[in-house]
There are 2 protein chains.
Amino acid sequence: MDLSPFCPQYHVAVEIVGRRWSGAIIRALLAGRTRFAEIGDVIPGVSDRLLSQRLKELEAEGIVRRVVHADTPVRVEYGLTEKGEALGEAIVALSRWAEQWVDVPADGQETQRYSTSGRPAPR
Amino acid sequence: MDLSPFCPQYHVAVEIVGRRWSGAIIRALLAGRTRFAEIGDVIPGVSDRLLSQRLKELEAEGIVRRVVHADTPVRVEYGLTEKGEALGEAIVALSRWAEQWVDVPADGQETQRYSTSGRPAPR
C-alpha cells in the first residue's frame, strides 16, 4: 500500500481508535466480552459513566451494536458491527507491535506507568 | 493471534498513536516526509509548537529519530527508528480500514468534519 502523506479518513480513524478508552473497548469486544460490567472489568481505570459514553459514541459511529434482550430482567449485550469487526486487523497489528516494542525491560519507562508504586522493588 | 481482553502494552501503544497529531506525524514520516516544514504541511491544523512537542515525545519514546546535518545553515531531518518503522503494519491496516469504512457518502457525517463550511453546497 502506497501511503499518501495525509489522508483525512485515516485522521478520523486514528481519532476514533485513539480516543481515551475506545481502543481498549474495541479490543475487549474483539476478545468476546459482551456485557457492560465485563467490558468495564478488563479496562482498569474507566468509570461507568465514561464507558457508557464511549459505547454510545462507538454505536453512533457504527462500530458497536447494542442488543437488548427482552428477558426479565432486561439483558443488554454489546458487540461489534461489520465495520467494527473490520477494525480487527489494525487492532491485532497494533497489539503485535506493542508486544514486541512496548515495555522492554531494558527501558522500564513504560512499565513504570503501570506499576502501582513509583518506588523501586525492595532489595 | 488470540487477543486477551486487556493488554497493558497495547493500551500504551493506543495512547501513543492516538495522541492528537501523533498518528498523522507517523504516517507523514512513513510516507517519506523528513523536514519539519514538510511534516507540518501535510497535517492541517497542527501548530509549529505542538508539532515540535509531539516530535520530541515520539523521539523520547524511541519512535522518531532527529538527525542534525552539520551543513551551513544546519539542516535537521526527522525519520523513523526501527521501532517506528515497525508501526507501519498497524498504520497501513488502520488506513485500509479508514479508506473502506470512513467517509461513506451515504453517511456524510465524517465528510462534514473536514469541510471548510458547515453550509450545504449552493444549488
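Draft legend 1. Spatial organisation of the interface of chain A and chain B. With 53 residues of chain A at the contact, the number on the chain B side is 54 residues. At the boundary of chain A with chain B, total buried surface from both sides reaches about 5500 Å², with 69% on carbon and sulfur atoms. For chain A, the biggest contributors to the area lost against chain B are Tyr10, Arg27 and Trp97 of chain A; these three give 14% of the whole. Linking chain A with chain B are four salt bridges, by the criterion used here. Two residues, Glu15 of chain B and Arg20 of chain A, come together in a salt bridge whose shortest N-O distance is 3.4 Å. Seen at the junction of chain A and chain B, the total is 10 residue pairs in polar contact (both at pLDDT 80 or more). Contributing elements (two or more residues each) for the side of chain A that touches chain B: α1 (8–18), α2 (22–30), α5 (82–85), α6 (88–101) and α7 (109–114) of chain A. Looking at which element gives the most residues to the side of chain A that touches chain B, the answer is α6 of chain A, with 12 residues.

Draft legend 2. Spotlight on empty space enclosed by the protein. Taken as a whole and assessed by the stated rule, the structure comprises one cavity of 30 Å³ or more. Its volume calculated, the largest cavity comes out at about 110 Å³. Every residue lining the largest cavity is listed: Val14, Val17, Gly18, Ala90, Ile91 and Leu94 of chain A together with Val14, Val17, Gly18, Ala90, Ile91 and Leu94 of chain B. The residue inventory of the lining of the largest cavity, partitioned by class, reads 10 nonpolar, two polar and no charged.

Draft legend 3. A look at helix α4 (residues 48–60) of chain B. Residues and elements named next belong to chain B. With 13 residues, α4 should reach 18 Å at 1.5 Å per residue; the first-to-last C-alpha distance of 18 Å fits that figure. Contacts made by the buried residues of α4 are with α1 (8–18), α2 (22–30), α3 (36–41), β1 (64–69) and β2 (75–80). Once α4 ends, the next one or two residues include Gly62, with phi positive near 75°.

Draft legend 4. Main features of the confidence of the model for chain A. Residues and elements named next belong to chain A. Mean pLDDT over chain A: 85, with 82% of residues reaching 70 or higher. Note that pLDDT drops below 50 for residues 104–123; the model gives that stretch 15 contacts with residues more than four away or on any other chain. Across the whole predicted complex the pTM is 0.81, and at the interface the ipTM reaches 0.81.

Draft legend 5. Seen up close, the packing of α6 of chain A against helix α6 (residues 88–101) of chain B. At their nearest, the axes of α6 of chain A and α6 of chain B sit 8 Å apart, and the two run at 170° to each other. Taken together, α6 of chain A and α6 of chain B sit at an angle that is classed as roughly antiparallel. Here Glu89, Ala90, Ala93, Leu94 and Arg96 of chain A of α6 of chain A lie close against α6 of chain B, whose contacting residues are Glu89, Ala90, Ala93, Leu94 and Arg96 of chain B. A class-by-class count of the residues in the contact of α6 of chain A with α6 of chain B yields six nonpolar, no polar and four charged.

Draft legend 6. Representation of the pattern of salt bridges in the model. Inspection of the entire model under this criterion finds 14 salt bridges over all chains. Of the charged contacts in the structure, one is a salt bridge between Glu89 of chain B and Arg96 of chain A, with a shortest N-O distance of 3.5 Å. Of this pair, Glu89 of chain B sits in helix α6 while Arg96 of chain A sits in helix α6, which puts the two residues in different chains.

Calculation rules
Residues numbered from 1 in each chain as written. Chains lettered and ligands numbered in written order. Predicted model: local features only at pLDDT ≥ 70, side-chain atom pairs only at ≥ 80, totals over all residues. Heavy atoms only, no water. Contact = heavy atoms within 4.5 Å. Buried area = accessible area lost by both parts, 1.4 Å probe. Salt bridge = Lys/Arg side-chain N within 4 Å of Asp/Glu carboxyl O. Polar contact = N/O pair within 3.5 Å; in protein donor to acceptor, adjacent residues only side chain to side chain. Helix = DSSP H or I, 4+ residues; strand = E, 2+ residues; numbered from the N terminus. 1 Å grid on protein atoms, 1.4 Å probe; cavity = no way out; pocket = protein on both sides within 12 Å on 5 of 7 lines; lining within 4 Å. Points joined across faces, edges and corners; volume = space filled by probe spheres on them. Nonpolar A, V, L, I, M, F, W, Y, C, P; charged D, E, K, R; others polar. Expected span 1.5 Å × (residues − 1). pLDDT = per-residue confidence, 0-100. Axes fitted to C-alpha atoms, helices over the stretch in contact; angles between N-to-C directions. Parallel < 35°, antiparallel > 145°, perpendicular 65-115°, else oblique.

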